[in-house]
Amino acid sequence: MNKSPRATVLVAEDEESLREALKLNLELEGYEVTTTDTGPGVLKTVKGEYFDLIILDIMLPEMDGITVCETIRMQHNDVPILFLSARNSGADRVEGLKKGGDDYLTKPFNLEELLLRVSKLITKNKRMKEPQSIGDTYEFDGYRIDFSAHECVDKSGKVQELSKKEAALLKLLIEHEGEVVSREQILQIVWGYNVYPTTRTIDNFILNFRKYFERDSRNPVHFHSIRGIGYKFTAK
Ligand code: CA
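Calculation notes
Residues numbered from 1 in each chain as written. Predicted model: local features only at pLDDT ≥ 70, side-chain atom pairs only at ≥ 80, totals over all residues. Heavy atoms only, no water. Core = buried A, V, L, I, M, F, W, Y, C linked by side-chain atoms within 4.5 Å. Buried < 20%, exposed > 50% of the residue type's maximum accessible area, 1.4 Å probe, protein only. Helix = DSSP H or I, 4+ residues; strand = E, 2+ residues; numbered from the N terminus. Contact = heavy atoms within 4.5 Å. Donors = N, O, S within 2.8 Å, 3.2 Å for Na, K, Ca; no water. Axes fitted to C-alpha atoms, helices over the stretch in contact; angles between N-to-C directions. Parallel < 35°, antiparallel > 145°, perpendicular 65-115°, else oblique. Pairing = 2+ DSSP bridges. Phe/Tyr/Trp six-rings, centres within 6.5 Å; stacked < 30°, edge-to-face > 60°. Left-handed = near helix turned anticlockwise from the far one by under 90°. Nonpolar A, V, L, I, M, F, W, Y, C, P; charged D, E, K, R; others polar. Salt bridge = Lys/Arg side-chain N within 4 Å of Asp/Glu carboxyl O.

(A) Molecular detail of the nonpolar core. In this structure, Ile145 and Phe213 are the most contacted members of the largest nonpolar core, which totals 28 residues. Mapped by element, the contributors of at least two residues to this core are strand E6 (137-140), strand E7 (143-146), helix H6 (164-175), helix H7 (183-191), helix H8 (199-213) and strand E12 (230-233). The element that contributes the greatest number of residues to this core is H8, accounting for six residues. If sequence neighbours within four positions are ignored, Phe213 has contacts with Phe140, Tyr143, Ile145, Cys152, Leu170, His222 and Phe223. Within the second largest apolar cluster, 19 residues are counted, among which are Val11, Leu18, Leu105 and Leu121.

Quick look at the structure:
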């Protein structure tokens, strides 16, 4: 099966036996699994961590799965969501998909089918997320960035050295030119899975980029922070 070895799945299910069974079977398939049993638990968990998929029960305590999904989408998080529901109602299914869910299974479900859908959703999302491939150098607004040499040169030939992390973050933003890159994506790709710096650390990098590349760093036209969501680069 075409699947990443360390894909991460968040299981939100309040029925303990089902939650444990899902965790066990997903782990046997090679996934890294985190679990929660409430709606607010999901929102709290996705704030600080990147997931490749959420398996989201609709009938959850404190906040139902559909509201949870809607909230996640409002935060511009496009993690694939597979709904689980005991209610075999067409309306429920439509509501779930309308609020931003990607797929839907009715309990009791066949485990093989669930695992197959999980794998498909993760693979599809990975393929979509594949960044626009850029080479070792990139030019915009009179600057020429050399990612492997960790430097950029402006029109006058002045060289600005970049740290390894600066070069990595710059490349990530440029690969997603015109799109918001979430804080979670940045943390996962630039800082690696378990080392989480504060939001301020990323902000400081963005401030540096403005110093290097913006004519007026207080009115940036290339490096934008979107409060509470992430960062965006526009070449213009
Ligand atoms: Ca439930």
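That shown, we press on.
(B) Structural view of the coordination of the calcium ion. Within the protein, the calcium ion binds to Asp14 (OD), Asp57 (OD) and Met59 (O); these donor distances fall in the range 2.1 to 2.4 Å. Accessibility expressed as a relative area gives 35% for Asp14, which makes it partly exposed.

(C) Examining the packing of H6 against H8 more closely. At a minimum axis separation of 11 Å, H6 and H8 run at an interaxial angle of 80°. In terms of their interaxial angle, H6 and H8 are classed as roughly perpendicular. Here H6 contributes Lys165, Glu166, Leu169, Leu170 and Leu173 to the contact with H8, which in turn contributes Ile202, Phe205, Ile206, Asn208, Phe209, Tyr212 and Phe213.

(D) Summary view of the sheet that holds strand E8 (residues 151-153). Strand order in the open sheet formed by four strands is E6-E7-E8-E9, with antiparallel pairing between adjacent strands. Strands with a single pairing partner mark the edges of an open sheet, and in this sheet they are E6 and strand E9 (159-161). On average, each strand axis in the sheet is tilted by 20° relative to the strand beside it, whichever way the strands run. The pairing of E7 with E8 spans three bridges and is classified as antiparallel. By the bridge assignment for E8, Asp146 is matched with Glu151. Across the sheet, H8 is in contact with E6, E7, E8 and E9; its angle to E7 comes to roughly 130°.

(E) View of the packing of aromatic side chains. Scanning the entire structure with this criterion turns up 11 aromatic pairs. Ring centres 5.0 Å apart and planes at 85° place the aromatic pair Phe140 and Phe233 in the edge-to-face group. In this pair, Phe140 is assigned in strand E6 and Phe233 in strand E12, connecting sequence segments 93 residues apart. For Phe140, a relative accessible area of 4% puts it in the buried group. Residue classification places Phe233 among the buried residues on the basis of a relative accessible area of 0%. A centroid spacing of 6.0 Å and a plane angle of 80° characterise the contact between Tyr212 and Phe213, whose relative ring orientation is edge-to-face. Residue classification places Phe213 among the buried residues on the basis of a relative accessible area of 1%. Of the aromatic side chains, those joined through ring pairs into one cluster are Tyr138, Phe140, Tyr143, Phe209, Tyr212, Phe213, Phe223 and Phe233.

(F) Broad picture of the packing of H6 against H7. Orientation of H6 relative to H7, taken along the N-to-C sense of each, is 135°, at an axis distance of 10 Å. Between H6 and H7, the angle is such that the two are oblique. The two elements H6 and H7 cross, and the hand of that crossing is right-handed. Counted together, Lys165, Ala168, Leu169 and Leu172 of H6 and Gln185, Ile186, Ile189, Val190 and Trp191 of H7 form the full contact between these two elements. Considered class by class, the residues forming the contact of H6 with H7 number seven nonpolar, one polar and one charged.

(G) Summary view of unusual backbone geometry. A cis geometry characterises the amide bond from Lys107 onward to Pro108, with omega recorded as -5°. Positive phi, close to 50°, is recorded for Asp141, a residue that is not glycine. A positive phi angle, close to 55°, is found at His150, a residue other than glycine. Position of His150 relative to the elements: it lies in the loop between E7 and E8. You can call His150 partly exposed: its relative accessible area is 25%.

(H) Looking closely at the pattern of salt bridges. The tally for this structure, following the rule as stated, stands at 11 salt bridges. Arg19 is the partner of Glu20 in a salt bridge, and the nearest nitrogen-oxygen pair spans 3.9 Å. Given a relative accessible area of 11%, Arg19 falls into the buried group. One salt bridge connects Glu139 with Arg144, and the closest N-O pair in it is separated by 3.6 Å. Judged by relative accessible area, Glu139 falls into the exposed class, the value being 57%.

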